[in-house]
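Residue-level structural notes
The chain contents come next:
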Amino acid sequence: MFSFAKGRDLAEQRGGRRKQNRLRGPRALEKAPTGIAGLDQVTAGGLPRARPTLVCGSAGCGKTLLAMEFLVRGATQFDEPGVFMSFEERSEELAANVASLGFDLEALAADKKLAIDHVRVERSEIEETGEYDLEGLFIRIGWAVDRIGARRIVLDTIEALFSGLSNPAILRAELRRLFAWLKERGLTAVITGERGEGQLTRHGLEEYVSDCVILLDHRVHDQLSTRRLRVVKYRGSTHGTNEYPFLIGDDGISVLPVTSAGLEHAAPTERVSTGIERLDAMLGGAGFYRGSSILVSGTAGTGKSSLAAHFLDAACRRGERCLAFVFEESPAQILRNMRSIGIDLEPWVKKGRLRFHAARPTFQGLEVHLTRMHREVDTFDPAVVTVDPITNLMQSGAHYEVQTMLLRLVDHLKTRGVTSLFTSLLHGPAEESEVGVSSLMDSWLLLRSAESSGERNRLLYVLKSRGMAHSNQAREFLLTDRGIELLDVYTGPAGVLTGSARLSREAEDEASALARRRAIERSERQLERQRAALEARIRALEAEFEAEKDEALRGIEEERAREQQIALDRTRMARSRRADAAAGRAPRGTTRPGERS
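Since we're looking at a predicted model, the values are computed, not measured.

**Remarks on the overall build of the chain**
Scanning the chain from N- to C-terminus turns up 16 helices and 24 strands. Per-residue burial over the chain gives 44% buried out of 597 residues. Accessible surface computed for the chain: about 31400 Å², of which carbon and sulfur atoms make up 49%.

As structure tokens, this is what we get:
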């Protein structure tokens, strides 16, 4: 029986502790981690230690499983034994239900890390004969807690315990006493409760006396079911206030921890190849930034999946792990189709570098798809992720819901430094993605079909690529047995020509160029002949000049010789005259008077 004196002592003790805490200064609320993926992030560390937490929701939303996983993770990961007090299912049924998740309750019970007790409550067997209290339950719980040294406890479900009690006043008093007793024992408690009409629980009191309240919801929209979790309140702690989708998988519960990761992700400068050399050249010569998001959009049959396959193949060749989410084709069909263009992805699958995750968009809701994608990314830890195509997700939700989902996925991938490529189907020529996510993307490639001369050809444009120089020119996009090839398009007065029109025009240009080259060659030959004739004439003139020069030089030499001889003769004559004069003779060549000559 509850003692008022004991209650006063307990209140005084708590008052003393609060006074000591004020003297010591503010202290963070101590928490018990749940070990449930994502839930500890939502609750900023776990559930309040040594305090009760209410987990409420409708039937089938996962209350019992969340409570059981809280105990199992606590026993196996944090060395905190726990007691599961069930008022509905027997221990054998609980063990069988969670065995598929890898929880071995019998082994944990044998190691005294877990105690399961079933309290049978039947309304038909209950008769109110006096004052109703929970002393018997307290004794039973206390014995189980002391037996294994438990630090955690689960009561599942609280409605079954009070199903035989009709007096609301007694019910409220006993609920308050139960929660106070759990706090007094220092147990981190999880109490499950059924959803009420117009209130969180049927009785409406548990949500007020609990320090933390978690609401689970299982809703169906357009024949697609989704489970969601919301922390309604958390005394003394900040926490996520949004609705978070969660998934019950093969290894337990996983909660998608964030609505959006925000804009705090890093911006690596490393570049990764697209797998197509000429496309790398269009992207500053080195490809995409690592950790960036890429959108490849285009109409049907333009080669979006083929370009994604090139990207995956290039990443696998670099030794990176790749994850491909496909919503249109089976993995076997993709492997077969890509072989037709010379890309064999099967060896990468066998080596474990490439993993496919295929699902029909209508098989599950968007939140479940997003949760599974998060789990695959976190488990496989890929360097590259492709999603082909994102437009098929429109079958699972409205436009804004798909946009919100992709925003959360892109943020998650960027936070992990994953390079992601998304394909999007266009139904018209407008440069606008079907789901309106182009603004989230760092690079955007547009594939188009151009019809001319009775044939359809493909064109590729780089609409944007943030942070790098990139080409603004279109390239013709060919799918060959050697993979994708990019060719320069023909641009001229008639516009952009591709395919056979481009080949025909290129042939005409080649013929014109050949004619021009031949005309140039003829002109060059004529000039060569004229040059040769001119050089021959120059050589003849030079020879004639040399002959005349020689003749002139000989004449000059003869004249010089004669002049020298004349000068010599004159010198001798002058000398002879001087000699004759000195001898009294008449100079040679003269006669005296009266003599004959």
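**Concerning the pattern of salt bridges**
Under the definition given, this model contains 33 salt bridges. With a shortest N-O distance of 2.7 Å, E80 and R152 are connected by a salt bridge. Of this pair, E80 sits in the loop between helix 3 (63-77) and strand 4 (82-86) while R152 sits in strand 6 (residues 152-156), and the two are 72 residues apart along the sequence. Under the relative-accessibility criterion, E80 is labelled buried at 4%. Put simply, D117 and R140 hold a salt bridge, and the shortest N to O gap is 2.7 Å. With D117 in strand 5 (residues 114-118) and R140 in helix 6 (residues 135-148), this pair connects stretches of sequence that are 23 residues apart.

**A closer look at helix 3**
The first and last C-alpha atoms of helix 3 sit 21 Å apart over 15 residues, in line with the 21 Å expected at 1.5 Å per residue. Buried residues of helix 3: K63, L65, L66, A67, M68, E69, F70, L71, V72, R73, G74 and A75, and no others. Phi for D79, located one or two positions after helix 3, is positive at around 55°.

**Some details on helix 6**
Because each turn of an α-helix spans 3.6 residues, side chains separated by three or four positions end up pointing in the same direction. An ideal rise of 1.5 Å per residue puts 20 Å on 14 residues; helix 6 measures up with 21 Å between its terminal C-alpha atoms. Turning to helix 6, its buried residues number three or more, namely L137, F138, I141, G142, A144, V145 and I148. In an axial view of helix 6, the angular spread of the buried residues amounts to 165°, which keeps them on one side of the axis. The exposed residues of helix 6 that point more than 90 degrees off its buried face are G136, I139, W143 and D146. Directly after helix 6, the chain includes G149, whose backbone phi takes a positive value near 65°.

**Some thoughts on the nonpolar core**
Membership of the largest hydrophobic core comes to 37 residues, with the highest contact counts inside it found for L279, L307, L345, L354, F356, L460 and L486. A per-element tally of this core places helix 11 (residues 304-317) first, with 7 residues. With sequence-adjacent residues up to four places away left out, L486 is seen in contact with I276, R278, L279, M282, L460, R475, E476 and F477.

**Digging into empty space enclosed by the protein**
Scanning the entire structure with this criterion turns up 1 cavity of 30 Å³ or more. Within this model, the largest cavity holds a volume of roughly 110 Å³. Along its surface, the largest cavity is lined by 14 residues, and S305, A308, L312, I334 and D388 are the ones closest to its centre. Counting residues per element, the ones that place at least two in the lining of the largest cavity are helix 11, strand 15 (322-326), helix 12 (331-339) and strand 17 (384-388). By residue number, the principal contributor to the lining of the largest cavity is helix 11, which donates 4 residues. Across the lining of the largest cavity, the residue classes break down as 10 nonpolar, 2 polar and 2 charged.

**Some thoughts on a negative patch on the surface**
Together, E92, E93, D104 and E106 give the surface a local cluster of negative charge. As for its position among the elements, E106 is in helix 5 (residues 105-110). For E106, a relative accessible area of 62% puts it in the exposed group.

**A few points about the packing of aromatic side chains**
A ring pair, where both rings are aromatic, is described by two values, the distance of the centres and the angle of the planes. This structure, assessed with the given rule, holds 2 aromatic pairs. Their ring planes at 5° and their centres at 4.8 Å tell us that F138 and W181 sit as a pair that is stacked. Separated by 43 residues along the polypeptide, F138 in helix 6 and W181 in helix 8 (residues 168-184) bring together distant segments of the chain. Of the residues examined, W181 reaches a relative accessible area of 14% and is grouped as buried.

**Side note on the environment of S273**
Tracing the backbone through its elements, the reader meets S273 in the loop between strand 12 (271-272) and helix 10 (277-282). In sequence terms S273 and G285 are 12 residues apart; their C-alpha atoms lie 9.2 Å from each other. In this structure, S273 is in contact with D280, A286, F311, A314 and R318, ignoring residues within four places of it in sequence. From its side chain, S273 meets the backbone nitrogen of G275 in a polar contact 3.0 Å long.

**Looking at the environment of D442**
Position of D442 relative to the elements: it lies in the loop between strand 18 (419-425) and strand 19 (443-452). Put simply, D442 and S293 are 149 residues apart on the chain and 5.3 Å apart in space, counted from C-alpha to C-alpha. Here D442 is in contact with S292, S293, K414, K464, S465 and R466, once residues within four sequence places are set aside. A distance of 3.0 Å separates the side chain of D442 from the side chain of K414, its partner in a polar contact.

**Regarding unusual backbone geometry**
At the junction of D156 and T157, the peptide bond is cis and its omega measures out at -10° in the coordinates. When you line up the elements, T157 lands in the loop between strand 6 and helix 7 (158-161). Of note, the bond from D388 into P389 is cis; its omega dihedral lies within 30 degrees of zero at -15°. Mapping P389 onto the fold places it in the loop between strand 17 and helix 15 (399-415). The residue D381 is not glycine, and still its phi comes out positive at about 55°. In this structure, D381 sits in the loop between helix 14 (366-380) and strand 17.

Basis of the calculations
Residues numbered from 1 in each chain as written. Predicted model: local features only at pLDDT ≥ 70, side-chain atom pairs only at ≥ 80, totals over all residues. Heavy atoms only, no water. Helix = DSSP H or I, 4+ residues; strand = E, 2+ residues; numbered from the N terminus. Buried < 20%, exposed > 50% of the residue type's maximum accessible area, 1.4 Å probe, protein only. Areas by Shrake-Rupley, 256 points an atom, 1.4 Å probe, with all protein chains shown as cover. Salt bridge = Lys/Arg side-chain N within 4 Å of Asp/Glu carboxyl O. Expected span 1.5 Å × (residues − 1). Arc of directions from axis to C-beta. Core = buried A, V, L, I, M, F, W, Y, C linked by side-chain atoms within 4.5 Å. Contact = heavy atoms within 4.5 Å. 1 Å grid on protein atoms, 1.4 Å probe; cavity = no way out; pocket = protein on both sides within 12 Å on 5 of 7 lines; lining within 4 Å. Points joined across faces, edges and corners; volume = space filled by probe spheres on them. Nonpolar A, V, L, I, M, F, W, Y, C, P; charged D, E, K, R; others polar. Patch = residues over 30% accessible without salt bridge, like charges linked within 9 Å, V, L, I, M, F, W, Y side chains within 5 Å. Lys, Arg positive; Asp, Glu negative; His and termini not counted. Charge placed at Lys NZ, Arg CZ, Asp CG, Glu CD. Phe/Tyr/Trp six-rings, centres within 6.5 Å; stacked < 30°, edge-to-face > 60°. Polar contact = N/O pair within 3.5 Å; in protein donor to acceptor, adjacent residues only side chain to side chain.

By themselves, these are just geometric observations and shouldn't be taken as functional.
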